[in-house]
Amino acid sequence: MTGNHPRAGARKSAIELVETLLDPGSRRGWDEPVEITTTDPDYRADLERARERTGLDESVITGEGRLEGRRVAYVACEFRFLAGSIGVAAGERLVRAVERATAERLPLLAAPASGGTRMQEGTVAFLQMVKVAAAITGHKAAGLPYLVHVRHPTTGGVLASWGSLGHVTAAEPGALIGFMGPRVHEALYGEEFPAGVQVAENLMNHGLIDAVLPTSRLAEVAARVLRVLCGDQDLPPRPPGDGFRPAADPPVGQGAGTSAPADGPAGPGAGSVGATAVGPSTEESIRASRRGDRPGVRDLLRVAAEDVSPLSGTGAGEHDPGLLLALARVGGVPCVVLGHNRGGRRGGERASAQDQPLGPAGLRTARRGMHIAAELGLPLLTVIDTAGAALSREAEEGGLAGEIARCLADMVTLPAPTLCLLLGQGAGGAALALLPADRVVAARHAWLSPLPPEGASAILYRSTERAYEVADRQGVRSADLLANGIVDRVVEEGDGEGFLERLGHILGAELAALRAQDPDARMAARRARHRRIGVPG
């Protein structure tokens, strides 16, 4: 097969995989014995040989255990049992396990490895995928995490149902993953399937899965993801001083902007320079926001976050490098993070923001993050730092304007707490799409405008020479945004990484305060906030 997957003889059994993932000695099975009821002698013989070969009575095992002390449920396929195929008995076992995990409010970990529907049982086996998908959808709707690790090989109805519904999805290195297996494709079309397509690494690059992980890293990564998705529920206490300091314990002696606000860490104007302050000029802020050494969202996560797990793309076949989506604890608070990705450093200099314009796929990735936050009740942190959206034929044909509109609609109605950080440049619809939050924090030199200043100048004067003058009149500076009620809090810059550390504590305090609010009151305040923008009084 394609890729660098383990040889069949080296493949871990389903039980071995689960025991590698769970805390030693914690695995407990849920499976009731299954009788062979078929009257087909050939199929009966196949089942009996599979049982003898594997020591199992079906292709699926289910149960529970502990992962770093947290109680979790699992479902896993045994490929050596009739290629992990799903018939009626296996389908029913899966559904009962998912329903039990939902009833007992357990995170669910899945490890499919299957050729799909069991052909010997025909259409009724095929329809098992419907009820499995329904059960998993109910589990997620109950606000419970569902994590998937796709093993080699996984194809057909299993991939097209419970293999593709994870909040987070990883795959085995080199795993064959595809809707139609290569043998079926060759039989139907008389040619081999193109090489390198149905391979885990390729699917990650196309935003279909989030990570490619060897078995040895599964426990570590799954535990880290669950620390964000579940918070500290059902966990033993962490040792004192372990991890990022609480947001309520800000560092001291780190320069301007560190004094405790008079009205509390999340109150109006907290830690801010008031609306009457002059502050830096518009030109100074715009130039500062475009500096090559200015920190971006990746720097913020590196310094001010822990348990960071980047996710790849939309989960539906698109990946846009202009948008970073991650799960993380920021200032100690678990959240979903969406941020404009200004790229990495090249030869010591940061890539220009223009190198990573945000396209429709990036906005669809953002909406994936919003959906995860809503489904699991996690706070959403958006980070704005963009010179603008992609301007291309592909962006227009990909529905850029419509995706901006749908992001706005999702943001203003999202049931989860939302916090926006205006970190740098905030040009046009690409910035606006991530702005409508419960609270907005701005870095001192951050700005927000309908277009890049040069574009606005070109519209008004048919020249880019008056860009800073136009931007000044538009009121794009953080101080202007604060005065107009668009921003709630302005954070002074400087201090290098000290600024990012301070910012992390401020964001953590803001997120914690939002999470503690009554949801109905918070939603009403969000609607009122956006309704009154620009209205006198």
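Throughout, a residue's number is its position along its own chain's written sequence, starting from 1. Side-chain atom pairs in this predicted model are given and counted only at pLDDT of 80 or more, local residue features only at pLDDT of at least 70, and totals for whole chains, interfaces and linings cover all residues. The side-chain numbers reported here are obtained from all heavy atoms of the structure, hydrogens and water having been left aside.

Participant: Could you give me a rundown of the overall build of the protein chain, with the residues and numbers involved?
Facilitator: Looking only at helices and strands, one finds 20 helices and 18 strands in the protein chain. Counting over 537 residues, the protein chain shows a buried share of 53%. Working rule for contacts: check all heavy atoms of both residues, and any pair within 4.5 Å makes them a contact. For the protein chain, long-range pairs separated by at least 24 residues make up 74% of all intrachain contacts whose partners lie at least 6 apart in sequence. Calculation of accessible area relied on Shrake-Rupley with a 1.4 Å probe; when residues are assessed, cover is drawn exclusively from the protein chains displayed. Total accessible area on the protein chain is roughly 23,000 Å²; 55% of this is exposed by carbon and sulfur atoms. To qualify as a helix, a DSSP run of H or I must reach at least 4 residues; to qualify as a strand, a run of E must reach at least 2; elements of each kind are numbered from the N terminus. Throughout this description, buried means an accessible area under 20% of the type-specific maximum (1.4 Å probe, protein chains only), exposed means over 50%, and partly exposed covers the range between.

Participant: Can you lay out the sheet that holds strand β11 (residues 323–330) for me, pointing to particular residues and giving the numbers?
Facilitator: What makes two strands pair is DSSP finding at least two bridges between them. Reading across the sheet, the 7 strands line up as β10-β11-β12-β15-β16-β17-β18 and stay open at both edges, with mixed pairing between neighbours. The sheet is open, and its two edges are formed by β10 (305–311) and β18 (489–491), each paired on a single side. Averaged over neighbouring strand pairs, the angle between their axes works out to 25° when direction is ignored. Where strand β15 (residues 380–386) and strand β16 (residues 418–426) come together, 6 bridges link them in parallel fashion. Residue Ile-384 lies in a different strand from β16, and its bridge partner there is Leu-422. Every axis in this analysis is a line fitted to C-alpha atoms, fitted for helices over the stretch in contact. Angles between the N-to-C directions lie between 0 and 180 degrees.

Participant: How would you explain the packing of helix α3 (residues 88–103) against helix α5 (residues 128–141) if you had to name every residue and give the values?
Facilitator: When two helices pack together, their arrangement is given by the angle between their axes and by how far apart the axes lie. The contact between α3 and α5 brings their axes to 9 Å, and the two run at 10°. Accordingly, the angle class assigned to the pair α3 and α5 is roughly parallel. Where α3 abuts α5, its residues Val-88, Gly-91, Glu-92, Leu-94, Val-95, Val-98, Ala-101 and Thr-102 lie against Gln-128, Lys-131, Val-132, Ala-135, Ile-136, Gly-138 and His-139. Of the residues that constitute the contact of α3 with α5, the class distribution is 8 nonpolar, 5 polar and 2 charged. Convention used here: angles under 35 degrees read as roughly parallel, angles over 145 as roughly antiparallel, angles from 65 to 115 as roughly perpendicular, and any remaining angle as oblique. Under the convention adopted here, Pro, Cys and the residues Ala, Val, Leu, Ile, Met, Phe, Trp and Tyr are nonpolar, Asp, Glu, Lys and Arg are charged, and Gly plus all remaining residues are polar.

Participant: Lay out a nonpolar patch on the surface with the relevant residues and their values.
Facilitator: Without a salt bridge and with relative accessible area above 30%, a residue can belong to a patch; like charges are then joined within 9 Å and nonpolar side chains (Val, Leu, Ile, Met, Phe, Trp, Tyr) within 5 Å. One speaks of a salt bridge when a side-chain nitrogen belonging to Lys or Arg is within 4 Å of a carboxyl oxygen belonging to Asp or Glu. On the surface, Leu-451, Ile-459, Leu-460 and Tyr-461 cluster together into a nonpolar patch covering about 370 Å² of accessible area. Mapped onto the elements, Leu-460 comes out in helix α16 (residues 453–461).

Participant: An account of the confidence of the model for the protein chain is needed here, citing residue identities and associated values.
Facilitator: Scored from 0 to 100, pLDDT reflects the predictor's confidence in each residue. On average, residues of the protein chain score 88 in pLDDT, and 87% of them are at 70 or above. Within the model, the stretch residues 344–354 combines pLDDT values under 50 with 22 contacts to residues more than four positions away or in other chains.

Participant: Quick rundown of unusual backbone geometry? Include the residues and the values.
Facilitator: With an omega of -15°, the peptide bond between His-152 and Pro-153 qualifies as cis. On the secondary structure map, Pro-153 appears in the loop between β5 (146–150) and β6 (154–155). Notably, Glu-68 is not glycine yet its phi reads approximately 50°, a positive angle. Among the structural elements, Glu-68 can be located in the loop between β2 (60–67) and β3 (70–77). Given a relative accessible area of 45%, Glu-68 falls into the partly exposed group. One non-glycine residue, Arg-462, lies in the positive phi region at around 55°. Mapping Arg-462 onto the fold places it in the loop between α16 and α17 (467–474).

Participant: Could you give me a rundown of the pattern of salt bridges, with the residues and numbers involved?
Facilitator: Tallying each qualifying case throughout the model produces 42 salt bridges. Between Glu-78 and Arg-80 there is a salt bridge, with the nearest N and O atoms lying 3.2 Å from each other. Looking at Glu-78, the relative accessible area reads 3%, which means it is buried. Close ionic contact of Asp-480 with Arg-477 constitutes a salt bridge, the shortest N to O distance being 3.0 Å. We note that Asp-480, like Arg-477, is buried. It is possible to trace a salt-bridge network through shared partners that takes in Glu-318, Arg-364, Arg-367, Glu-403, Arg-406 and Asp-410.

Participant: Give a description of the nonpolar core that names residues and reports values.
Facilitator: With 94 residues, the main nonpolar core has Val-330, Val-337, Met-370, Leu-381, Leu-421, Leu-503 and Leu-507 as its most contacted residues. When residues in this core are grouped by element, the largest group, 8 residues, is from helix α9 (residues 218–229). Beyond its immediate sequence surroundings of up to four residues, Leu-421 is in contact with Leu-300, Leu-381, Thr-382, Val-383, Ile-384, Val-441, Leu-503 and Leu-507. The term nonpolar core refers to a set of buried residues drawn from Ala, Val, Leu, Ile, Met, Phe, Trp, Tyr and Cys, joined through side-chain atoms within 4.5 Å. Listed in part, the 32 residues of the second largest apolar core include Leu-108, Tyr-146, Trp-162 and Ala-175.

Participant: Which residues make up the packing of aromatic side chains, and what values go with them?
Facilitator: Planes of paired rings set the category: under 30 degrees apart is stacked, over 60 is edge-to-face and the rest tilted, where pairs are Phe, Tyr or Trp rings (Trp by its six-membered ring) whose centres lie within 6.5 Å. Tallied over the entire structure, the rule returns 0 aromatic pairs. Placement of a charge over a ring requires the Lys NZ or Arg CZ to be within 6 Å of the ring centre, with the centre-to-atom vector within 35 degrees of the ring normal. The side chain of Arg-466 reaches across the aromatic face of Tyr-461, ending 3.7 Å from its centre.

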